[in-house]
Amino acid sequence: MPAAVYVGEGSILVEDVACPEPGPGEVLVEIAQCGICGSDLHMVLERFAKPGAVLGHEWSGIVASAPSGSGWAPGDRVVGNPSPGCGRCRPCRRGRPSVCLARAPVDYLDSRGAFCRYKAVAADGLIRIPDSLSTKVAALAEPTAIALHAVRIGGVEAADRVLVTGGGPVGLLIVAVLRAHGVSDVTVSEPSPVRRQRALDVGATRAVAPDALVEPPMGALVEEPFAVAFECSGRASAIETALGQLDNAGTLVVVGTGSEPPRVNQNRMIIFELEIVGAYNYNEDGFQPAVDLLASGTLPIEFLIEPDDVPLDGVMGAMERLARGEIPSKVMVRPGMSYESGLSYE
Ligand SMILES: [Zn+2]
Ligand SMILES: [Zn+2]
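One numbering rule holds for all chains: residues counted from 1, following each sequence as written. Labels are handed out in written order, letters beginning with A for the chains and numbers beginning with 1 for the ligands. For this predicted model, a pLDDT threshold of at least 70 governs which residues receive local features, and a threshold of 80 or more governs which side-chain atom pairs are given and counted, while totals over whole chains, interfaces and linings are taken from all residues. Each side-chain value is derived from all of the structure's non-hydrogen atoms; neither hydrogens nor water enter the calculation.

Counting its regular elements, the chain contains 12 helices and 14 strands. Here the C-alpha radius of gyration of the chain, 20 Å, is about what a compact globule of 346 residues would show, namely 20 Å. On the principal axes, the C-alpha backbone points of the chain span a range of 65 × 45 × 35 Å. The proportion of buried residues among the 346 residues of the chain is 53%. Two residues form a contact once any of their heavy atoms are found within 4.5 Å. Look at the contacts in the chain between residues 6 or more apart in sequence, and 71% of them connect residues 24 or more apart. Carbon and sulfur atoms make up 51% of the accessible area of the chain, which amounts to about 15,600 Å² in all. When the 28 positive and 42 negative side-chain charges of the chain are each reduced to one mean point, those points stand 4 Å apart. Strands here are runs of E lasting at least two residues and helices are runs of H or I lasting at least four, both read from the DSSP assignment and numbered beginning at the N terminus. The globule rule is 2.2 Å times the number of residues to the power 0.38, and the radius of gyration it is compared with is taken over C-alpha atoms. Only protein chains enter the accessibility calculation, which uses a 1.4 Å probe. A residue is then buried if its area is under 20% of the maximum for its type, exposed if over 50%, and partly exposed in between. Each accessible area value is a Shrake-Rupley result obtained with a 1.4 Å probe; residue values ignore everything except the protein chains displayed when judging cover. The positive count covers Lys and Arg only, the negative count covers Asp and Glu only, and His and the chain ends enter neither. Where a charge lies is defined by one atom per residue type, namely NZ (Lys), CZ (Arg), CG (Asp) and CD (Glu).

Around the zinc ion (ligand 2), the protein contributes the donor atoms Cys86 (SG), Cys89 (SG), Cys92 (SG) and Cys100 (SG), at 2.3 to 2.4 Å from the metal centre. The donor set comprises N, O and S atoms within 2.8 Å of the metal, extended to 3.2 Å for Na, K and Ca; water molecules are omitted, so apparent gaps in a site may simply reflect that omission. Mapping the donors of the zinc ion (ligand 2) onto the primary sequence yields the spacing C-x2-C-x2-C-x7-C. With Cys89 in the loop between β5 (77-80) and α2 (90-93) and Cys100 in the loop between α2 and α3 (107-110), the pair connects residues that are 11 residues apart, well separated along the chain. Residues Cys89 and Cys100 agree in their burial class; the two are buried.

Nine residue types can take part in a nonpolar core, namely buried Ala, Val, Leu, Ile, Met, Phe, Trp, Tyr and Cys, and a core is a set of them joined through side-chain atoms within 4.5 Å. Judged by nonpolar contacts, the single largest core of 50 residues is most densely connected at Val164, Ile174, Leu178, Phe230 and Val253. Take this core: its biggest share by element is 8 residues, from helix α5 (residues 141-154). Excluding residues within four positions of it along the chain, Val253 makes contact with Ala150, Ile153, Gly154, Val228, Ala229, Phe230, Glu231, Val277 and Ala279. Residues Tyr6, Val14, Val44 and Leu312 belong to the second largest nonpolar core, which totals 38 residues.

This paragraph deals with the coordination of the zinc ion (ligand 1). Ideal coordination angles are 109.5 degrees for a metal with four donors arranged tetrahedrally and 90 or 180 degrees for a metal with six donors arranged octahedrally. At the metal site, the zinc ion (ligand 1) is ligated by Cys37 (SG), His57 (NE2) and Glu58 (OE), and these contacts range over 2.2 to 2.5 Å. The sequence motif formed by the donor residues of the zinc ion (ligand 1) is C-x19-H-E. With Cys37 in the loop between β3 (26-35) and α1 (38-45) and His57 in the loop between α1 and β4 (58-65), this pair connects stretches of sequence that are 20 residues apart.

Below you can see the structure in the form of structure tokens.
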């Protein structure tokens, strides 16, 4: 089957790879759509991926074959669902199953991702896509679950002033989830004008260039501080800026991965009792709340997903454009789409 394979040197090529053989209790899923994630960009463009890896973990698909008694049949529309926490380890006991010590490794670390035609998945690791939800929009379940988790970790209340730094696909989804939760005062800080406009389309109250966020005076708050900030750009400078914008007992939720560590002003953390917390993975109820929210029709989907899907040989180009901030929202890869590299598989 064709797959977009990381070949090293920051590059992806479409190659013919063996179709996965489903093991006992596994279902073979034909990938319909798979979103390109910011972490995929880091793995490829910053060369963290192992050569031979197939990335892509934000997928939806159609069951191609399933063992009898599995509860699945060919033609069923599905998305993956993460395994729940063990309930016994220390993170689970503290209500943080997203970092359960016994959790299965995430897709992009074990390198058997979904930028390819077929994927073998445990039968109990799937949920059904409701009739009211398209298969393409369902591929947004994973990043929506990420956004729901980040918002929960941030402890946002409807009356809070919220800042989102980075108006890329994840920042936009967090804005949309905040609005769906009744939060009405959301400011997005983002250098790209295209993405600032998209942030407003998705429901942000204000969209500003990063330099509009002024340095706080020493030992005092900025004029209009934020209760919670979500850092979605992965940039050290954005973390430093966001921390300076927080109110007393404010929380900075770090969502965007990045390579360069920030310099943290510990004195501000002390005198305003600021909190910095990372948000990784999903809430304990997995992807179902994300699927329900997507199916509810309340999210501005037309602004959250790019209208044109890309074929497997368009992954590399789309990644480069995403990294340059030229594409505002989620790019969906459609492995069944014809492409030009020469492998025929229809
Ligand atoms: Zn992702
Ligand atoms: Zn656990």
